[in-house]
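# Geometric and topological summary
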Amino acid sequence: MTYLNTQFKKGVLELIVLISVTGRDMYGYELVSEVSKIIDVNEGTIYPLLKRLTNEHYFETYLKESTEGPPRKYYHLTMAGKIYKDNLQREWEDFYKRVEEFIKESEKND
Amino acid sequence: MTKNEFFKYLDKRLSVLNEKEREDIKSEYSQHIHMKIQSGKSEEEAIRDFGDIESFVDDILSAYNVDPNYRKSHIDSDIAEKAINNGMGIFRKAFNKAKAFISDAAGFILGNKLSTLFSLFLKGLVIFIIVFFIYGLGYFIVNYLGMIFLRDMFPHILGIPIGEYLWKFIRFIYAATGFCVALTLVIAYIRDSVYKINKKGGKKVESNIVESEKVVNEAVVTDENNVKAENTEKVKRERRSLADYDFMGFLLKIVILCIRIGVFFTLLPYAFMMFFAVVGFGILLVAAFAGYPAWGLAICTLGFDLCAAAVFAFIVKLVYFTKFGKKGGESI
(Lines give C-alpha, C1' and ligand atoms only; values in the text may rest on other atoms or scores of the structure.)
Protein backbone atom coordinates (compact mmCIF):
# COMPACT_ATOMS: atom_id res chain seq x y z
CA MET A 1 0.00 0.00 0.00
CA THR A 2 1.51 3.31 -1.00
CA TYR A 3 0.41 6.75 0.05
CA LEU A 4 1.90 8.86 -2.71
CA ASN A 5 -0.87 9.27 -5.21
CA THR A 6 -0.58 8.15 -8.83
CA GLN A 7 -0.68 11.66 -10.25
CA PHE A 8 2.33 12.67 -8.20
CA LYS A 9 4.27 9.60 -9.25
CA LYS A 10 3.35 10.22 -12.88
CA GLY A 11 4.87 13.68 -12.61
CA VAL A 12 8.18 12.39 -11.32
CA LEU A 13 8.10 9.49 -13.78
CA GLU A 14 8.89 11.80 -16.67
CA LEU A 15 12.08 13.00 -15.00
CA ILE A 16 13.18 9.46 -14.19
CA VAL A 17 12.58 8.29 -17.75
CA LEU A 18 14.57 11.18 -19.19
CA ILE A 19 17.48 10.61 -16.83
CA SER A 20 17.56 6.87 -17.57
CA VAL A 21 18.10 7.50 -21.28
CA THR A 22 20.81 10.12 -20.78
CA GLY A 23 23.66 7.67 -20.44
CA ARG A 24 22.69 5.32 -23.26
CA ASP A 25 19.87 4.62 -25.71
CA MET A 26 17.43 1.99 -24.50
CA TYR A 27 14.54 0.01 -25.92
CA GLY A 28 11.04 -0.13 -24.40
CA TYR A 29 11.20 -3.16 -22.14
CA GLU A 30 14.68 -2.29 -20.91
CA LEU A 31 13.57 1.23 -20.04
CA VAL A 32 10.45 0.00 -18.23
CA SER A 33 12.57 -2.40 -16.17
CA GLU A 34 15.05 0.29 -15.18
CA VAL A 35 12.35 2.77 -14.22
CA SER A 36 10.40 0.12 -12.28
CA LYS A 37 13.45 -0.35 -10.07
CA ILE A 38 13.30 3.28 -8.97
CA ILE A 39 9.59 3.94 -8.76
CA ASP A 40 6.57 1.67 -8.44
CA VAL A 41 4.18 2.45 -11.29
CA ASN A 42 2.01 0.36 -13.57
CA GLU A 43 4.06 -0.70 -16.56
CA GLY A 44 1.36 0.21 -19.02
CA THR A 45 1.65 3.90 -18.20
CA ILE A 46 5.25 4.21 -19.34
CA TYR A 47 4.68 3.56 -23.04
CA PRO A 48 2.20 6.41 -23.49
CA LEU A 49 4.76 8.66 -21.81
CA LEU A 50 7.43 7.53 -24.26
CA LYS A 51 4.98 8.21 -27.08
CA ARG A 52 4.29 11.71 -25.83
CA LEU A 53 7.97 12.57 -25.35
CA THR A 54 8.68 11.25 -28.85
CA ASN A 55 5.83 13.28 -30.37
CA GLU A 56 7.25 16.36 -28.67
CA HIS A 57 10.67 15.60 -30.19
CA TYR A 58 12.45 15.07 -26.90
CA PHE A 59 13.11 11.52 -28.05
CA GLU A 60 14.24 10.13 -31.36
CA THR A 61 13.57 6.49 -32.14
CA TYR A 62 15.31 4.02 -34.40
CA LEU A 63 15.08 0.29 -35.00
CA LYS A 64 17.95 -2.05 -34.27
CA GLU A 65 18.08 -5.72 -35.14
CA SER A 66 18.10 -8.13 -32.22
CA THR A 67 19.09 -11.75 -32.01
CA GLU A 68 16.18 -12.65 -29.78
CA GLY A 69 13.24 -11.64 -31.91
CA PRO A 70 11.84 -8.78 -33.99
CA PRO A 71 13.88 -5.54 -34.32
CA ARG A 72 13.68 -3.37 -31.24
CA LYS A 73 12.78 0.30 -31.13
CA TYR A 74 15.44 2.30 -29.31
CA TYR A 75 14.84 5.68 -27.68
CA HIS A 76 17.49 8.38 -27.95
CA LEU A 77 17.46 11.71 -26.09
CA THR A 78 17.61 14.68 -28.48
CA MET A 79 19.24 18.04 -27.83
CA ALA A 80 15.84 19.51 -26.99
CA GLY A 81 15.26 16.54 -24.73
CA LYS A 82 18.49 17.18 -22.85
CA ILE A 83 17.54 20.80 -22.26
CA TYR A 84 14.06 19.80 -21.11
CA LYS A 85 15.56 17.20 -18.80
CA ASP A 86 17.98 19.71 -17.26
CA ASN A 87 15.15 22.14 -16.61
CA LEU A 88 13.00 19.44 -15.08
CA GLN A 89 15.86 18.27 -12.89
CA ARG A 90 16.60 21.78 -11.68
CA GLU A 91 12.96 22.30 -10.80
CA TRP A 92 12.83 18.99 -9.01
CA GLU A 93 15.92 19.77 -6.95
CA ASP A 94 14.51 23.13 -6.04
CA PHE A 95 11.17 21.57 -5.14
CA TYR A 96 12.81 18.81 -3.13
CA LYS A 97 15.02 21.28 -1.24
CA ARG A 98 12.07 23.44 -0.27
CA VAL A 99 9.98 20.51 0.90
CA GLU A 100 12.92 19.10 2.92
CA GLU A 101 13.56 22.45 4.56
CA PHE A 102 9.89 22.81 5.37
CA ILE A 103 9.81 19.37 6.97
CA LYS A 104 12.92 20.12 9.02
CA GLU A 105 11.42 23.42 10.19
CA SER A 106 8.16 21.85 11.28
CA GLU A 107 10.01 19.04 13.08
CA LYS A 108 12.00 21.65 15.01
CA ASN A 109 8.80 23.30 16.08
CA ASP A 110 7.20 20.08 17.30
CA MET B 1 -7.41 -10.47 -20.64
CA THR B 2 -5.65 -12.22 -23.48
CA LYS B 3 -3.31 -10.50 -25.90
CA ASN B 4 -5.95 -10.66 -28.63
CA GLU B 5 -8.60 -9.05 -26.46
CA PHE B 6 -6.11 -6.36 -25.43
CA PHE B 7 -5.23 -5.62 -29.04
CA LYS B 8 -8.89 -5.55 -30.05
CA TYR B 9 -9.46 -2.98 -27.32
CA LEU B 10 -6.50 -0.92 -28.53
CA ASP B 11 -7.78 -1.09 -32.11
CA LYS B 12 -11.15 0.22 -31.05
CA ARG B 13 -10.02 2.96 -28.69
CA LEU B 14 -7.17 4.07 -30.97
CA SER B 15 -9.19 3.85 -34.18
CA VAL B 16 -8.91 7.61 -34.58
CA LEU B 17 -5.11 7.36 -34.96
CA ASN B 18 -3.60 6.40 -38.27
CA GLU B 19 -2.72 2.79 -38.85
CA LYS B 20 1.06 3.21 -38.70
CA GLU B 21 0.89 4.77 -35.24
CA ARG B 22 -1.52 2.12 -34.01
CA GLU B 23 0.66 -0.70 -35.26
CA ASP B 24 3.72 0.93 -33.71
CA ILE B 25 2.02 1.14 -30.32
CA LYS B 26 0.77 -2.43 -30.57
CA SER B 27 4.19 -3.72 -31.50
CA GLU B 28 5.78 -2.03 -28.49
CA TYR B 29 3.30 -3.68 -26.15
CA SER B 30 3.61 -6.92 -28.02
CA GLN B 31 7.38 -6.94 -27.53
CA HIS B 32 6.97 -6.13 -23.88
CA ILE B 33 4.54 -9.00 -23.40
CA HIS B 34 6.88 -11.28 -25.33
CA MET B 35 9.81 -10.44 -23.05
CA LYS B 36 7.65 -10.88 -19.97
CA ILE B 37 6.64 -14.34 -21.17
CA GLN B 38 10.30 -15.17 -21.70
CA SER B 39 11.04 -14.22 -18.13
CA GLY B 40 8.42 -16.71 -16.94
CA LYS B 41 5.12 -14.87 -16.68
CA SER B 42 1.97 -15.85 -18.52
CA GLU B 43 0.31 -13.67 -21.17
CA GLU B 44 -2.56 -12.82 -18.82
CA GLU B 45 -0.19 -11.91 -15.99
CA ALA B 46 1.90 -9.69 -18.24
CA ILE B 47 -1.18 -7.77 -19.32
CA ARG B 48 -2.42 -7.53 -15.76
CA ASP B 49 0.90 -5.93 -14.80
CA PHE B 50 0.15 -3.10 -17.20
CA GLY B 51 -2.35 -1.82 -14.67
CA ASP B 52 -5.48 0.09 -15.49
CA ILE B 53 -5.75 -0.27 -19.26
CA GLU B 54 -8.46 2.28 -19.85
CA SER B 55 -6.45 4.97 -18.09
CA PHE B 56 -3.19 4.48 -19.93
CA VAL B 57 -4.99 4.27 -23.26
CA ASP B 58 -6.42 7.67 -22.27
CA ASP B 59 -2.79 8.78 -21.88
CA ILE B 60 -1.88 7.45 -25.32
CA LEU B 61 -4.68 9.49 -26.89
CA SER B 62 -3.55 12.54 -24.91
CA ALA B 63 -0.07 12.12 -26.35
CA TYR B 64 -1.63 12.82 -29.76
CA ASN B 65 -3.78 15.61 -28.34
CA VAL B 66 -6.94 13.60 -28.87
CA ASP B 67 -9.64 13.91 -26.22
CA PRO B 68 -9.53 10.57 -24.36
CA ASN B 69 -13.30 10.57 -24.03
CA TYR B 70 -13.85 10.74 -27.77
CA ARG B 71 -16.25 7.96 -28.68
CA LYS B 72 -15.35 6.00 -25.55
CA SER B 73 -18.86 4.68 -25.08
CA HIS B 74 -19.31 3.94 -28.76
CA ILE B 75 -16.51 1.49 -29.19
CA ASP B 76 -18.94 -1.37 -29.53
CA SER B 77 -22.04 -0.77 -31.59
CA ASP B 78 -22.89 -4.36 -32.30
CA ILE B 79 -25.21 -5.56 -29.55
CA ALA B 80 -25.31 -9.13 -30.64
CA GLU B 81 -21.56 -9.44 -31.06
CA LYS B 82 -20.99 -7.90 -27.64
CA ALA B 83 -23.59 -10.09 -25.99
CA ILE B 84 -22.20 -13.18 -27.60
CA ASN B 85 -18.59 -12.37 -26.78
CA ASN B 86 -19.39 -11.51 -23.19
CA GLY B 87 -21.71 -14.45 -22.91
CA MET B 88 -19.11 -16.79 -24.32
CA GLY B 89 -16.42 -15.36 -22.08
CA ILE B 90 -18.51 -15.65 -18.97
CA PHE B 91 -19.82 -19.08 -19.77
CA ARG B 92 -16.36 -20.31 -20.56
CA LYS B 93 -14.92 -18.93 -17.33
CA ALA B 94 -17.79 -20.20 -15.25
CA PHE B 95 -17.65 -23.65 -16.67
CA ASN B 96 -13.89 -23.86 -16.52
CA LYS B 97 -14.04 -23.17 -12.83
CA ALA B 98 -16.89 -25.57 -12.20
CA LYS B 99 -15.25 -28.09 -14.43
CA ALA B 100 -11.92 -27.83 -12.62
CA PHE B 101 -13.59 -28.56 -9.35
CA ILE B 102 -15.65 -31.40 -10.77
CA SER B 103 -12.64 -32.83 -12.60
CA ASP B 104 -10.63 -32.96 -9.40
CA ALA B 105 -13.41 -34.65 -7.45
CA ALA B 106 -14.53 -36.96 -10.22
CA GLY B 107 -10.98 -37.82 -11.17
CA PHE B 108 -10.30 -38.91 -7.67
CA ILE B 109 -13.37 -41.12 -7.58
CA LEU B 110 -13.82 -42.32 -11.12
CA GLY B 111 -10.40 -42.32 -12.69
CA ASN B 112 -9.20 -39.72 -15.16
CA LYS B 113 -10.69 -40.58 -18.55
CA LEU B 114 -14.21 -40.92 -17.16
CA SER B 115 -14.02 -37.62 -15.30
CA THR B 116 -13.33 -35.74 -18.55
CA LEU B 117 -16.46 -37.14 -20.15
CA PHE B 118 -18.45 -36.62 -16.99
CA SER B 119 -17.55 -32.95 -16.68
CA LEU B 120 -18.18 -32.32 -20.37
CA PHE B 121 -21.58 -33.90 -20.00
CA LEU B 122 -22.34 -31.81 -16.93
CA LYS B 123 -21.26 -28.68 -18.76
CA GLY B 124 -23.57 -29.39 -21.67
CA LEU B 125 -26.42 -30.22 -19.33
CA VAL B 126 -26.16 -26.98 -17.38
CA ILE B 127 -25.95 -24.85 -20.54
CA PHE B 128 -28.97 -26.67 -21.89
CA ILE B 129 -30.99 -26.10 -18.72
CA ILE B 130 -30.17 -22.39 -18.55
CA VAL B 131 -30.90 -21.75 -22.21
CA PHE B 132 -34.06 -23.86 -22.08
CA PHE B 133 -35.52 -21.92 -19.18
CA ILE B 134 -34.60 -18.45 -20.45
CA TYR B 135 -35.81 -19.26 -23.92
CA GLY B 136 -38.87 -21.01 -22.58
CA LEU B 137 -39.75 -17.98 -20.51
CA GLY B 138 -39.53 -15.78 -23.56
CA TYR B 139 -41.61 -18.18 -25.58
CA PHE B 140 -44.24 -18.30 -22.86
CA ILE B 141 -44.48 -14.49 -22.89
CA VAL B 142 -44.66 -14.32 -26.67
CA ASN B 143 -47.35 -16.96 -26.74
CA TYR B 144 -49.42 -15.41 -23.99
CA LEU B 145 -49.22 -11.82 -25.18
CA GLY B 146 -49.77 -12.85 -28.78
CA MET B 147 -52.79 -14.77 -27.70
CA ILE B 148 -54.30 -11.81 -25.89
CA PHE B 149 -53.50 -9.08 -28.39
CA LEU B 150 -53.67 -10.87 -31.66
CA ARG B 151 -55.96 -13.80 -31.34
CA ASP B 152 -58.50 -12.51 -28.86
CA MET B 153 -58.55 -8.73 -29.18
CA PHE B 154 -58.22 -8.32 -32.93
CA PRO B 155 -59.59 -11.58 -34.20
CA HIS B 156 -61.06 -10.46 -37.48
CA ILE B 157 -60.03 -7.85 -40.00
CA LEU B 158 -62.01 -7.67 -43.19
CA GLY B 159 -63.51 -11.06 -42.51
CA ILE B 160 -60.23 -12.99 -42.29
CA PRO B 161 -59.04 -14.41 -38.97
CA ILE B 162 -55.80 -12.48 -39.37
CA GLY B 163 -55.24 -12.35 -35.62
CA GLU B 164 -55.03 -16.10 -35.42
CA TYR B 165 -52.57 -16.34 -38.31
CA LEU B 166 -50.43 -13.50 -37.01
CA TRP B 167 -50.22 -15.14 -33.62
CA LYS B 168 -49.06 -18.41 -35.13
CA PHE B 169 -46.66 -16.58 -37.44
CA ILE B 170 -45.05 -14.68 -34.57
CA ARG B 171 -44.58 -17.85 -32.57
CA PHE B 172 -42.85 -19.40 -35.53
CA ILE B 173 -40.58 -16.40 -36.07
CA TYR B 174 -39.69 -16.43 -32.41
CA ALA B 175 -38.81 -20.11 -32.44
CA ALA B 176 -36.75 -19.67 -35.61
CA THR B 177 -34.87 -16.65 -34.21
CA GLY B 178 -34.13 -18.43 -30.96
CA PHE B 179 -32.85 -21.39 -32.86
CA CYS B 180 -30.59 -19.22 -35.02
CA VAL B 181 -29.17 -17.43 -31.99
CA ALA B 182 -28.48 -20.74 -30.25
CA LEU B 183 -26.87 -22.11 -33.39
CA THR B 184 -24.67 -19.02 -33.72
CA LEU B 185 -23.54 -19.36 -30.12
CA VAL B 186 -22.69 -23.01 -30.55
CA ILE B 187 -20.82 -22.37 -33.79
CA ALA B 188 -18.89 -19.48 -32.27
CA TYR B 189 -17.97 -21.66 -29.33
CA ILE B 190 -16.85 -24.57 -31.47
CA ARG B 191 -14.91 -22.28 -33.79
CA ASP B 192 -13.20 -20.79 -30.77
CA SER B 193 -12.24 -24.19 -29.40
CA VAL B 194 -11.04 -25.37 -32.80
CA TYR B 195 -8.97 -22.21 -33.20
CA LYS B 196 -7.35 -22.87 -29.87
CA ILE B 197 -6.69 -26.49 -30.70
CA ASN B 198 -5.11 -25.49 -34.00
CA LYS B 199 -3.03 -22.86 -32.26
CA LYS B 200 -1.60 -25.56 -30.06
CA GLY B 201 -0.19 -27.16 -33.20
CA GLY B 202 -2.69 -29.96 -33.46
CA LYS B 203 -1.99 -31.35 -30.01
CA LYS B 204 -5.16 -32.84 -28.66
CA VAL B 205 -5.54 -30.27 -25.93
CA GLU B 206 -8.65 -28.06 -25.67
CA SER B 207 -7.33 -24.96 -23.99
CA ASN B 208 -10.78 -24.51 -22.47
CA ILE B 209 -10.02 -27.43 -20.27
CA VAL B 210 -8.18 -26.21 -17.26
CA GLU B 211 -4.61 -26.92 -16.15
CA SER B 212 -5.34 -30.00 -14.13
CA GLU B 213 -6.62 -31.67 -17.28
CA LYS B 214 -3.55 -30.74 -19.29
CA VAL B 215 -1.35 -32.35 -16.71
CA VAL B 216 -3.33 -35.54 -17.00
CA ASN B 217 -2.62 -35.73 -20.72
CA GLU B 218 1.04 -34.89 -20.37
CA ALA B 219 1.48 -37.26 -17.48
CA VAL B 220 0.53 -40.15 -19.70
CA VAL B 221 3.38 -39.26 -22.01
CA THR B 222 6.06 -38.39 -19.47
CA ASP B 223 7.67 -40.32 -16.70
CA GLU B 224 5.12 -42.28 -14.71
CA ASN B 225 6.92 -41.60 -11.44
CA ASN B 226 6.41 -37.87 -11.65
CA VAL B 227 2.67 -38.13 -12.36
CA LYS B 228 1.42 -37.82 -8.81
CA ALA B 229 3.73 -34.95 -7.94
CA GLU B 230 2.83 -32.93 -11.04
CA ASN B 231 -0.85 -33.60 -10.56
CA THR B 232 -1.00 -32.28 -7.02
CA GLU B 233 1.22 -29.32 -7.94
CA LYS B 234 -0.99 -28.15 -10.77
CA VAL B 235 -4.14 -28.71 -8.75
CA LYS B 236 -2.76 -26.54 -6.00
CA ARG B 237 -2.02 -23.78 -8.51
CA GLU B 238 -5.59 -23.84 -9.80
CA ARG B 239 -7.05 -23.64 -6.31
CA ARG B 240 -4.99 -20.59 -5.49
CA SER B 241 -6.17 -18.72 -8.58
CA LEU B 242 -9.76 -19.67 -7.79
CA ALA B 243 -9.39 -18.13 -4.35
CA ASP B 244 -8.37 -14.70 -5.58
CA TYR B 245 -11.02 -14.48 -8.31
CA ASP B 246 -13.38 -11.58 -8.01
CA PHE B 247 -16.62 -13.37 -7.14
CA MET B 248 -18.82 -10.32 -6.71
CA GLY B 249 -17.88 -8.93 -10.09
CA PHE B 250 -18.29 -12.39 -11.57
CA LEU B 251 -21.74 -12.79 -10.02
CA LEU B 252 -22.70 -9.36 -11.26
CA LYS B 253 -21.64 -10.29 -14.77
CA ILE B 254 -23.75 -13.44 -14.68
CA VAL B 255 -26.80 -11.56 -13.46
CA ILE B 256 -26.41 -8.90 -16.12
CA LEU B 257 -25.94 -11.52 -18.80
CA CYS B 258 -29.14 -13.29 -17.71
CA ILE B 259 -31.03 -10.02 -17.71
CA ARG B 260 -29.77 -9.20 -21.18
CA ILE B 261 -30.67 -12.58 -22.60
CA GLY B 262 -34.09 -12.45 -20.94
CA VAL B 263 -34.78 -8.94 -22.15
CA PHE B 264 -33.66 -9.84 -25.64
CA PHE B 265 -36.16 -12.64 -25.93
CA THR B 266 -38.86 -10.64 -24.19
CA LEU B 267 -38.46 -7.65 -26.49
CA LEU B 268 -38.81 -9.74 -29.62
CA PRO B 269 -42.63 -9.94 -29.53
CA TYR B 270 -42.77 -6.20 -28.92
CA ALA B 271 -40.55 -5.61 -31.88
CA PHE B 272 -42.94 -7.62 -34.01
CA MET B 273 -45.90 -5.86 -32.48
CA MET B 274 -44.40 -2.51 -33.42
CA PHE B 275 -43.75 -3.67 -36.93
CA PHE B 276 -47.33 -4.81 -37.37
CA ALA B 277 -48.60 -1.63 -35.80
CA VAL B 278 -46.80 0.31 -38.50
CA VAL B 279 -48.37 -1.93 -41.12
CA GLY B 280 -51.70 -1.49 -39.39
CA PHE B 281 -51.29 2.25 -39.50
CA GLY B 282 -50.75 2.04 -43.23
CA ILE B 283 -53.84 -0.12 -43.70
CA LEU B 284 -55.98 2.21 -41.58
CA LEU B 285 -54.72 5.19 -43.56
CA VAL B 286 -55.73 3.55 -46.80
CA ALA B 287 -59.10 2.64 -45.30
CA ALA B 288 -59.61 6.19 -44.10
CA PHE B 289 -58.95 7.60 -47.55
CA ALA B 290 -61.29 5.01 -49.02
CA GLY B 291 -64.09 6.40 -46.94
CA TYR B 292 -64.14 4.19 -43.88
CA PRO B 293 -64.30 6.02 -40.52
CA ALA B 294 -60.76 5.08 -39.62
CA TRP B 295 -59.02 8.41 -39.00
CA GLY B 296 -59.25 8.12 -35.26
CA LEU B 297 -57.84 4.62 -35.23
CA ALA B 298 -55.07 5.63 -37.62
CA ILE B 299 -53.93 8.42 -35.33
CA CYS B 300 -54.06 6.10 -32.33
CA THR B 301 -51.91 3.56 -34.10
CA LEU B 302 -49.38 6.22 -35.04
CA GLY B 303 -49.25 7.38 -31.44
CA PHE B 304 -48.75 3.84 -30.27
CA ASP B 305 -45.87 3.42 -32.72
CA LEU B 306 -44.06 6.52 -31.56
CA CYS B 307 -44.44 5.71 -27.87
CA ALA B 308 -43.43 2.10 -28.35
CA ALA B 309 -40.36 3.17 -30.32
CA ALA B 310 -39.30 5.56 -27.57
CA VAL B 311 -39.80 3.01 -24.80
CA PHE B 312 -38.03 0.38 -26.85
CA ALA B 313 -35.03 2.64 -27.50
CA PHE B 314 -34.82 3.54 -23.83
CA ILE B 315 -34.88 -0.08 -22.68
CA VAL B 316 -32.30 -1.15 -25.23
CA LYS B 317 -29.96 1.66 -24.24
CA LEU B 318 -30.40 0.89 -20.55
CA VAL B 319 -29.81 -2.83 -20.81
CA TYR B 320 -27.19 -3.07 -23.52
CA PHE B 321 -25.28 0.16 -23.60
CA THR B 322 -24.92 1.14 -19.97
CA LYS B 323 -21.54 0.31 -18.52
CA PHE B 324 -21.81 -1.60 -15.30
CA GLY B 325 -19.02 -2.37 -12.90
CA LYS B 326 -16.21 -0.15 -11.63
CA LYS B 327 -14.68 2.46 -13.87
CA GLY B 328 -11.56 1.24 -15.58
CA GLY B 329 -12.43 -2.38 -15.22
CA GLU B 330 -13.43 -4.51 -18.17
CA SER B 331 -16.62 -2.98 -19.48
CA ILE B 332 -19.42 -5.49 -19.38
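First things first, this report covers the structure right here in the doc. (Residues numbered from 1 in each chain as written. Chains lettered and ligands numbered in written order. Predicted model: local features only at pLDDT ≥ 70, side-chain atom pairs only at ≥ 80, totals over all residues. Heavy atoms only, no water.)

### A few points about the interface of chain B and chain A
Each side of the interface is counted separately: chain B has 21 residues, and chain A has 20 residues. Between chain B and chain A we count 5 salt bridges in total. With a shortest N-O distance of 2.6 Å, D24 of chain B and K51 of chain A are connected by a salt bridge. One can count 14 residue pairs in polar contact (both at pLDDT 80 or more) joining chain B with chain A. Of all elements in the fold, only α2 (19-38) and α4 (53-63) of chain B reach the threshold of two or more residues within the side of chain B that touches chain A. In terms of residue class, the side of chain B that touches chain A is made up of 8 nonpolar, 6 polar and 7 charged. (Contact = heavy atoms within 4.5 Å. Salt bridge = Lys/Arg side-chain N within 4 Å of Asp/Glu carboxyl O. Polar contact = N/O pair within 3.5 Å; in protein donor to acceptor, adjacent residues only side chain to side chain. Helix = DSSP H or I, 4+ residues; strand = E, 2+ residues; numbered from the N terminus. Nonpolar A, V, L, I, M, F, W, Y, C, P; charged D, E, K, R; others polar.)

### Observations regarding the pattern of salt bridges
Opposite charge on two side chains allows them to pair when their charged atoms are near. Counted under the stated rule, the structure contains 19 salt bridges over all chains. Salt-bridge contacts for R98 of chain A lead to D94 of chain A; the nearest nitrogen and oxygen are separated by 3.3 Å. Of this pair, R98 of chain A and D94 of chain A both sit in helix α4 (residues 79-108), separated by 4 residues, roughly a single helical turn. The exposure class of R98 of chain A is exposed, given its relative accessible area of 57%. Between D11 of chain B and K26 of chain B there is a salt bridge, with the nearest N and O atoms lying 3.0 Å from each other. Taken together, the residues span a long stretch of sequence, with D11 of chain B in helix α1 (residues 3-13) and K26 of chain B in helix α2 at a distance of 15 residues. (Buried < 20%, exposed > 50% of the residue type's maximum accessible area, 1.4 Å probe, protein only.)

### Notes on the nonpolar core
By size, the foremost hydrophobic cluster in this structure holds 47 residues, and its most contacted members are V17 and F59 of chain A together with F6 and Y29 of chain B. Here this core gets 7 residues from one element, more than from any other, and that element is helix α1 (residues 6-23) of chain A. Among all residues touching V17 of chain A, those that are not within four sequence positions of it are L31, V35, L49, L50, L53 and F59 of chain A. Residues I134, F265, L268 and F272 of chain B belong to the second largest nonpolar core, which totals 7 residues. (Core = buried A, V, L, I, M, F, W, Y, C linked by side-chain atoms within 4.5 Å.)

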